[in-house]
Amino acid sequence: MTAAVIRSTGLWTPANSISNEELVESFNAYVAQYNQEHAAAIEAGELAPLSPSSAEFVEKASGIKSRFVIDKEGVLDTKRMKPFIPARDNTDISILAEIGVKACHNALERAGKTAADVDGVIVAASNLQRGYPAVAVEIQDALGIEDGFGFDMNVACSSATFGIQTAADQIAAGHARAILVVNPEICSAHLNWCDRDSHFIFGDVATAILLEREDLGEGGWRIIGTKLKTKFSNNIRNNFGFLNRTERPTGEAGQENLLAPKDDKLFVQEGRKVFKEVVPMVSDMIRTHMGELGLEADDMRRVWLHQANINMNLMIAKKVFGREAGGEDAPTILDEYANTSSAGSIIAFHKHSDDFTAGQKGVICSFGAGYSAGTVFVERL
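Because the structure is predicted, anything quoted here is derived from the model rather than measured. (Residues numbered from 1 in each chain as written. Predicted model: local features only at pLDDT ≥ 70, side-chain atom pairs only at ≥ 80, totals over all residues. Heavy atoms only, no water.)

**Examining the overall build of the chain**
Move 1: When its secondary structure is counted, the chain shows 11 helices and 13 strands.
Move 2: Scaling as 2.2 N^0.38, a compact globule of 381 residues should have a C-alpha radius of gyration of about 21 Å, and the chain matches this with 21 Å.
Move 3: Long-range pairs, those at least 24 residues apart, make up 79% of the contacts in the chain between residues at least 6 apart in sequence.
Move 4: Put simply, the chain shows about 17500 Å² of open surface, and 49% of that area lies on carbon and sulfur atoms. (Helix = DSSP H or I, 4+ residues; strand = E, 2+ residues; numbered from the N terminus. Rg over C-alpha atoms; globule rule 2.2 N^0.38 Å. Contact = heavy atoms within 4.5 Å. Areas by Shrake-Rupley, 256 points an atom, 1.4 Å probe, with all protein chains shown as cover.)

Here's what the structure looks like:
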C-alpha cells in the first residue's frame, strides 16, 4: 500500500459574470411580465402572483454577490431565463469535457506534470450532461492518456471529496500512479432562474485535483484521513432524467412545457430544513473525524468548506474551532463564484492554501444533496 497525496489543483473560470444587481433587474422584469400575462388568473385566485426580489435580499440570504456563467445573455433574457449552449456534433468535444480539460491542464502545469504521468480520470460532478460514454473517458482521450481509465460519479455537491477518496484508494492499492479528479459544473443549466428562492444560488466553473503516489514527486498535501457519509433526504432534489420522457403529462395539452416558477425537473430545495439538518450533521462529522485522527481544534489552521451559504459556513466553522471563525479560518469564495456544487470547496482550497507551511493541517469538507458529506484532512508537505 502506497500513500496518495494531493499534488495540485486546477481551476477554470468562465469569462462572463452576473452581479446580483444585474440578476435581480432581469428577474424583476420577468416577474412583472409573468404577473401581467397571468393577470386574469391571478385576479380570479387561480394563480398566485410572483414577488420581486432585491440584491440586498440575495446577499443577506446567501453571502453571494455575483456568479460566473457559461452564457450570460440567455440567463438574463426574460423570454428565455436559461443559458444558451448550442448542441455540438458527436465528433466535437462536449462542453463538460472541454472545461474539464482546461482545469486539468491548470492542475498539471502547477504540479510540473504532464498527462503522460496520469493513469486515470474521475469526473465527479453534480451535473453530467449524458449517461454515456462517460465524460471522464472523453477527457482521458482529450488529454492523450492512451493506457488508462476513466469513469463518472455523482454524489451531488459532495462529489469532489468522494472522488478524492476513490482516487486515493485506487492509488494506494496500486491501480494507478496518478489520477485526475475533475469537477466540471455547469450549474446554470439545472437552475430554475424563474424561482425567487433559488435563482441566485448557482454559478458555473471547473476544477481538477491531481492525486499522485507520494514517492513520485515532491510538494503538495499528504492525505491524513478521509471519511464519507450519506443520509437520504428529499430536501434537495433534481428529478431530471431519462425516465422523464416516459411520464404521462398532466393538465392541459402542452402545459408541461410552460416556463413555471417551480419545476422539480430542475434544482429544488427546502432551504430552512437543509440549514437546520445539515449544519449539525457536518459539524459533528468533522469533529468526530478529528477525534479519530487524534486532532484538536488548535491543530487545525483552516477549513475549506463547501460554498453554499455563508451563514452555514460560519456556523460550521464556529462549531469546529469552538470559537467565532471565518475569513482566515474558513475562507469563502461564494461571494464571487456563488454555489458551484462539487467545485466549491476545491476553489476555496485552490485559492486559499498557498500560505501554508510544512506540517500545517486543514480539512476539505463538502456537503449537499443526498444528504451527502465528505471530509479530507490534509497536511502540507
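Next, the rest of the story.
**A look at the nonpolar core**
Move 1: The biggest cluster of nonpolar side chains holds 49 residues, and the ones touching the most others in it are Val 282, Ile 286, Val 303, Ile 316 and Phe 367.
Move 2: Of all the secondary-structure elements, those providing two or more residues to this core are helix 1 (20-37), helix 8 (271-292), strand 11 (300-305), helix 9 (310-321), strand 12 (361-368) and strand 13 (372-380).
Move 3: In terms of residue count, the dominant contributor to this core is helix 8 (eight residues).
Move 4: Setting aside residues up to four positions removed in sequence, Ile 286 forms contacts with Leu 305, Ile 316, Val 320, Val 363, Cys 365, Thr 375 and Phe 377.
Move 5: Grouped together as the second largest cluster of nonpolar side chains are 34 residues, Trp 221, Tyr 337, Ile 346 and Val 376 included. (Core = buried A, V, L, I, M, F, W, Y, C linked by side-chain atoms within 4.5 Å. Buried < 20%, exposed > 50% of the residue type's maximum accessible area, 1.4 Å probe, protein only.)

**Quick notes on the sheet that holds strand 4 (residues 120-124)**
Move 1: Within the open sheet, the nine strands sit side by side as 5-4-6-7-1-8-13-12-11. Their pairing is mixed. One side of each edge strand has no neighbouring strand; the edge strands of this open sheet are strand 5 (149-153) and strand 11. This sheet shows a mean twist of 25° between the axes of neighbouring strands, independent of strand direction.
Move 2: Across two bridges, strand 1 (residues 4-12) lies against strand 8 (residues 221-230) in antiparallel orientation. Residue pairing for strand 8: Val 5 is matched across the bridge by Arg 222.
Move 3: Here helix 6 (residues 135-143) sits on the sheet in contact with strand 4, strand 5 and strand 6 (178-186), set at roughly 135° to strand 4. (Pairing = 2+ DSSP bridges. Axes fitted to C-alpha atoms, helices over the stretch in contact; angles between N-to-C directions.)

**Description of helix 8**
Move 1: With 22 residues, helix 8 ought to run about 32 Å at 1.5 Å a step, and its terminal C-alpha atoms sit 31 Å apart, in line with that.
Move 2: The sharpest bend along helix 8 measures roughly 25° and falls at Val 278, with the proline Pro 280 sitting one to four residues further on.
Move 3: Of the residues making up helix 8, those classed as buried are Val 274, Val 278, Val 279, Met 281, Val 282, Ser 283, Met 285, Ile 286, His 289 and Met 290.
Move 4: Two residues or fewer past helix 8, Gly 294 is found with a positive phi of approximately 70°. (Expected span 1.5 Å × (residues − 1). Bend = angle between axes of the 7 residues up to and from the residue.)

**A look at the pattern of salt bridges**
Move 1: The tally for this structure, following the rule as stated, stands at 19 salt bridges.
Move 2: Across the pair Arg 222 and Glu 214 runs a salt bridge whose closest N-O atoms are separated by 2.8 Å.
Move 3: Judged by its relative accessible area of 23%, Glu 214 falls in the partly exposed class.
Move 4: In this structure, the salt-bridge partner of Arg 302 is Glu 328, at a minimum N-O distance of 2.6 Å. In this pair, Arg 302 is assigned in strand 11 and Glu 328 in the loop between helix 9 and helix 10 (334-337), connecting sequence segments 26 residues apart. (Salt bridge = Lys/Arg side-chain N within 4 Å of Asp/Glu carboxyl O.)

**What to know about the pairing of strand 8**
Move 1: Note that strand 8 and strand 13 share nine bridges and pair antiparallel. Following the sheet pairing, Lys 227 is matched in strand 13 by Thr 375.

**As for unusual backbone geometry**
Apart from glycine, the bulk of residues carry a negative phi angle, and the bulk of peptide bonds sit in the trans form.
Move 1: Look at the link from Tyr 132 to Pro 133: it is a cis peptide, with omega at -5°.
Move 2: Residue position: Pro 133 is located in the loop between strand 4 and helix 6.
Move 3: Residue Tyr 371 is bonded to the preceding Gly 370 through a cis peptide linkage, with omega at -10°.
Move 4: Its place among the elements puts Tyr 371 in the loop between strand 12 and strand 13.
Move 5: Positive phi, normally seen in glycine, also occurs at Ala 156, with a value near 50°.
Move 6: By the element assignment, Ala 156 lies in the loop between strand 5 and helix 7 (159-172).
Move 7: Exposure remark for Ala 156: the relative accessible area of 14% places this residue in the buried category.

**Focus on the layout of surface pockets**
Move 1: In this model, the second largest pocket occupies a volume close to 790 Å³.
Move 2: For the second largest pocket, the lining is made up of 31 residues, of which Asp 197, Ile 201, Gln 269, Gly 271 and Arg 272 are closest to its centre.
Move 3: Taken together, the elements giving at least two residues each to the lining of the second largest pocket come down to helix 3 (55-62), strand 10 (268-269), helix 8, helix 9 and strand 12.
Move 4: Ranked by residues supplied to the lining of the second largest pocket, first place goes to helix 8 with six residues. (1 Å grid on protein atoms, 1.4 Å probe; cavity = no way out; pocket = protein on both sides within 12 Å on 5 of 7 lines; lining within 4 Å. Points joined across faces, edges and corners; volume = space filled by probe spheres on them.)

**Thoughts on helix 1**
Move 1: For helix 1, which comprises 18 residues, the first-to-last C-alpha distance of 25 Å matches the rise-based estimate of 26 Å (1.5 Å per residue) to within 8%.
Move 2: At its buried positions, helix 1 is contacted by strand 2 (16-19), helix 2 (39-43), helix 3, strand 3 (66-69) and helix 4 (72-76).

**Some words on the pairing of strand 1**
Move 1: Taking burial as the measure, the nine residues of strand 1 include nine buried ones, the bulk of the element.
Move 2: As paired elements, strand 1 and strand 7 (residues 204-213) share eight bridges and run antiparallel to each other. Bridging across to strand 7, Val 5 finds its partner in Glu 212.

**Observations concerning the packing of aromatic side chains**
Move 1: Overall, the coordinates contain 10 aromatic pairs when judged by the stated rule.
Move 2: An angle of 85° between the planes, with centres 5.8 Å apart, marks the rings of Trp 221 and Trp 304 as edge-to-face. Of this pair, Trp 221 sits in strand 8 while Trp 304 sits in strand 11, and the two are 83 residues apart along the sequence.
Move 3: For Trp 304, a relative accessible area of 0% puts it in the buried group.
Move 4: Of the aromatic side chains, those joined through ring pairs into one cluster are Trp 221, Trp 304, Phe 349 and Phe 356.
Move 5: Cation over ring: Arg 196 sits above Phe 57, and NZ or CZ is 4.4 Å from the ring centre.
Move 6: Against the face of Phe 356 rests Arg 301, its NZ or CZ located 4.8 Å from the ring centre. (Phe/Tyr/Trp six-rings, centres within 6.5 Å; stacked < 30°, edge-to-face > 60°. Lys NZ or Arg CZ within 6 Å of the ring centre and 35° of its normal.)

On their own, these measurements won't tell you what the molecule is for.
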